[in-house]
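Inside the fold
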Amino acid sequence: MVAVITGASRGIGLELARQMAARNSRVLGTHRGAVPADLPGVDWHPLDVASPESHAALSQHLDGTAVDLLVCNAGIYLDKFENLAEGYPPAMWAEMFETNVTGVFLSVQSLLPQLQQSGHGKIVIISSQMASHTRAPGRSYIYRASKAAVLNLGRNLATDLEGLGIAVGIYHPGWVQTDMGGPTASLTPAEAASGLMDRFEALSLKTTGCFETWDGHAHPY
Ligand code: NDP
């Protein structure tokens, strides 16, 4: 199996790359800065998900390669400490939507030929429980809105790609001990990645459009 994982330089993406390669997948991890740690079975390619040129270069690099699984994992959370009175500047809205939403759309669009070539391609989107409008505790408006948008994007892609045989799943990875989740989060990256990989394996055209937690529960929208 060939898997492409965006934002694999650290955190959940890095652990997914490590565990997928250990399960005998051929993994292409993407990174922005220096080439990350040498992991057996993982090839690296640069990708800034907010840059159309960067996507074009990755798509060209993978020209003729069937991609069985695209993991849209790269994401940013910049508005953790903003306050409503004077925070949440428009530039922050733009940057987070470029990465968390447009970045996912461009990843899918640019690798669609490779996913089709697989014959049973899957797209998995790492969203968040913060995408939910049922569960709305307030604050972090930009991050919440961006993750809700990418949940919506994933569900509509699921409808449009079903006819091409491509399944799309959207996931909450849990609260994970990464730079984003912080050291007091409840899950290690290894636990989250292992659960997510089980979800990716279970994803099919029968379950396409699902929004699930890392440990297999349906998440409220
Ligand atoms: P980290 O902050 O630890 O890692 C984020 C990754 O995304 C890095 O590899 C980073 O690359 C990459 N990235 C950010 N911006 C871009 C960009 N423009 N182009 C390419 N890559 C980029 O986050 P996590 O591992 O914790 O999060 C992974 C995903 O899980 C995110 O989508 C996040 O929103 C989601 N999530 C995480 C939760 C948690 O508790 N940790 C909870 C719910 C959802 P670089 O090293 O170059 O910055």
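Right above here is the structure, for reference.
Here's a quick rundown of the structure.

Parameters at a glance
- Residues numbered from 1 in each chain as written.
- Predicted model: local features only at pLDDT ≥ 70, side-chain atom pairs only at ≥ 80, totals over all residues.
- Heavy atoms only, no water.
- Buried < 20%, exposed > 50% of the residue type's maximum accessible area, 1.4 Å probe, protein only.
- Helix = DSSP H or I, 4+ residues; strand = E, 2+ residues; numbered from the N terminus.
- Pairing = 2+ DSSP bridges.
- Right-handed = clockwise from strand over helix to strand, strands pointing away.
- Salt bridge = Lys/Arg side-chain N within 4 Å of Asp/Glu carboxyl O.
- Axes fitted to C-alpha atoms, helices over the stretch in contact; angles between N-to-C directions.
- Parallel < 35°, antiparallel > 145°, perpendicular 65-115°, else oblique.
- Left-handed = near helix turned anticlockwise from the far one by under 90°.
- Contact = heavy atoms within 4.5 Å.
- Nonpolar A, V, L, I, M, F, W, Y, C, P; charged D, E, K, R; others polar.
- Expected span 1.5 Å × (residues − 1).
- Phe/Tyr/Trp six-rings, centres within 6.5 Å; stacked < 30°, edge-to-face > 60°.
- Near = heavy atom within 4 Å.
- Polar contact = N/O pair within 3.5 Å; in protein donor to acceptor, adjacent residues only side chain to side chain.
- Areas by Shrake-Rupley, 256 points an atom, 1.4 Å probe, with all protein chains shown as cover.

1. Notes on the pairing of strand β4 (residues 69-72)
- Residues Leu69 and Val71 line one face of β4 and the alternating positions Leu70 and Cys72 line the opposite face, and both faces are buried.
- Bridge analysis of strand β1 (residues 2-5) against β4 gives three bridges, and the strand direction is parallel. What sits directly across from Val4, in β4, is Leu70.
- Across four bridges, β4 lies against strand β5 (residues 122-126) in parallel orientation. Looking across to β5, one finds that Cys72 is bridged to Ile125.
- Taking the sense of rotation as the criterion, the β-α-β connection linking β4, helix α3 (residues 90-118) and β5 turns out right-handed.

2. Some details on the pattern of salt bridges
- Counted according to the given criterion, the structure contains five salt bridges.
- For Arg23, the salt bridge identified is with Asp198, shortest N-O distance 3.5 Å. A residue pair is termed long-range when its members are at least 10 positions apart, and Arg23 in the loop between α1 (11-22) and β2 (26-31) and Asp198 in helix α5 (residues 189-202) qualify at 175 residues.
- Look at Arg23 and you get partly exposed, because its relative accessible area is 39%.
- What makes Asp198 partly exposed here is its relative accessible area of 35%.
- Glu201 is paired through a salt bridge with Arg23; the nearest N and O atoms lie 2.8 Å apart.

3. Re the packing of α3 against helix α4 (residues 141-161)
- Here α3 crosses α4 at 20°, and the two axes come no closer than 9 Å. Comparing their axes, α4 and α3 come out roughly parallel. The hand of the α3/α4 crossing is right-handed. Residues Met92, Trp93, Met96, Phe97, Asn100, Val101, Val104, Phe105, Val108 and Leu112 of α3 form the contact with α4, whose own contacting residues are Tyr141, Ile142, Tyr143, Ala145, Ser146, Lys147, Ala149, Val150, Leu153, Leu157 and Leu161.
- For the contact of α3 with α4, the class distribution of residues is 18 nonpolar, two polar and one charged.

4. Side note on α1
- Relative to the 16 Å expected for twelve residues at 1.5 Å per residue, α1 spans 17 Å between its end C-alpha atoms, a close match to the ideal helical length.
- Judged by how many residues are buried, α1 sits mostly within the fold: nine of twelve residues are covered.
- What α1 keeps buried is the set Ile12, Gly13, Leu14, Glu15, Leu16, Ala17, Gln19, Met20 and Ala21.
- Within two residues after α1, Asn24 carries a phi angle of roughly 75°, on the positive side.

5. Focus on the packing of aromatic side chains
- This structure, assessed with the given rule, holds five aromatic pairs.
- Plain terms: the ring middles of Trp93 and Phe97 are 6.1 Å apart, the flat faces sit at 25° to each other, and that makes the pair stacked. With Trp93 and Phe97 both in helix α3 and four residues apart, the pair spans about one turn of that helix.
- A relative accessible area of 32% means that Trp93 is categorised as partly exposed.
- Overall, Phe97 belongs to the partly exposed group, its relative accessible area being 24%.

6. Notes on the site of the ligand
- The ligand sits among 27 residues. The nearest are Ser9, Arg32, Asn73, Tyr143 and Thr178.
- At a separation of 2.8 Å, an oxygen atom of the ligand approaches a polar backbone atom of Ile12.
- A distance of 3.0 Å separates a nitrogen atom of the ligand from a polar side-chain atom of Asp48.
- Calculation on the ligand without its partners gives an accessible area of 900 Å², and the protein chains cover 93% of this total.
- Counting only elements with at least two residues in the shell around the ligand, the list comes to α1 and α4.
- Taken together, the residues of the shell around the ligand break down into eleven nonpolar, eleven polar and five charged.

Fair warning: the whole summary comes from geometry, so function is off the table for now.
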